[in-house]
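What follows is each chain in one-letter form.
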Amino acid sequence: MLLIKYYSFVIIFYIIEITLFFILKDFYENIILLNISIRSIFVICSSSILRKSVFKESRYFYQGYYFIAAINPFISSLILFAMVYFFNEGALILKFIADLMTSLLSFYLLKKL
């Protein structure tokens, strides 16, 4: 149930993030740096909503969240880089898969706080 609530809030930010990535990816040669930049902004922006709406009971949410938020864009981009290197699919599909994997890991870590 908590996972559904988490994704009901995250999806709002993610739709904006993926749309922005889709628009900007053709203007930047390095989609990995683009992904790190966009992902960082949206991970930080979602923190207060997630804290107030999903992780109300967590006493150390912000300490853990900002650590996770700092590494999240890099892990997502590393996965994206590996998938772009090994697979010849569209960047948008690979970004979605990389972000989903990172998001599930982030949720699991946040749940432990």
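Residues numbered from 1 in each chain as written. Predicted model: local features only at pLDDT ≥ 70, side-chain atom pairs only at ≥ 80, totals over all residues. Heavy atoms only, no water.

1. Quick notes on the packing of helix H2 (residues 31–45) against helix H4 (residues 61–86)
Okay, step 1: Running from N to C, H2 and H4 cross one another at 150°; their axes reach a closest spacing of 9 Å. The orientation of H2 relative to H4 falls into the category roughly antiparallel. Here H2 runs over H4; the crossing is right-handed. Residue-level contacts link Ile 31, Ile 32, Asn 35, Ile 36, Arg 39, Ser 40 and Val 43 of H2 to Tyr 65, Ala 69, Asn 72, Pro 73, Phe 74, Ser 76, Ser 77, Leu 80, Phe 81 and Val 84 of H4.
Okay, step 2: Split into classes, the residues belonging to the contact of H2 with H4 amount to eleven nonpolar, five polar and one charged. (Axes fitted to C-alpha atoms, helices over the stretch in contact; angles between N-to-C directions. Helix = DSSP H or I, 4+ residues; strand = E, 2+ residues; numbered from the N terminus. Parallel < 35°, antiparallel > 145°, perpendicular 65-115°, else oblique. Left-handed = near helix turned anticlockwise from the far one by under 90°. Contact = heavy atoms within 4.5 Å. Nonpolar A, V, L, I, M, F, W, Y, C, P; charged D, E, K, R; others polar.)

2. Brief notes about the layout of surface pockets
In this approach a probe as big as a water molecule rolls over the atoms, and the regions it shows empty are the leftover space.
Okay, step 1: The space that makes up the largest pocket amounts to roughly 320 Å³.
Okay, step 2: Residue lining of the largest pocket: 22 residues in total, with Tyr 6, Val 10, Tyr 14, Arg 39 and Ser 103 positioned closest to the centre.
Okay, step 3: Elements that contribute at least two residues to the lining of the largest pocket include exactly helix H1 (2–24), H2, H4 and helix H5 (91–111).
Okay, step 4: If one sorts the elements of the lining of the largest pocket by residue count, H1 sits on top with seven residues. (1 Å grid on protein atoms, 1.4 Å probe; cavity = no way out; pocket = protein on both sides within 12 Å on 5 of 7 lines; lining within 4 Å. Points joined across faces, edges and corners; volume = space filled by probe spheres on them.)

3. As for the packing of H1 against H2
Okay, step 1: Two elements in contact, H1 and H2, have axes whose closest approach is 10 Å; the angle formed by their N-to-C orientations is 155°. The pairing of H1 with H2 is recorded here as roughly antiparallel in orientation. Between H1 and H2 lies a crossing whose hand is right-handed. Here Phe 13, Tyr 14, Ile 16, Glu 17, Leu 20, Phe 21 and Leu 24 of H1 lie close against H2, whose contacting residues are Ile 31, Leu 34, Asn 35, Ile 38, Arg 39, Phe 42 and Cys 45.
Okay, step 2: For the contact of H1 with H2, a count of residues per class yields eleven nonpolar, one polar and two charged.

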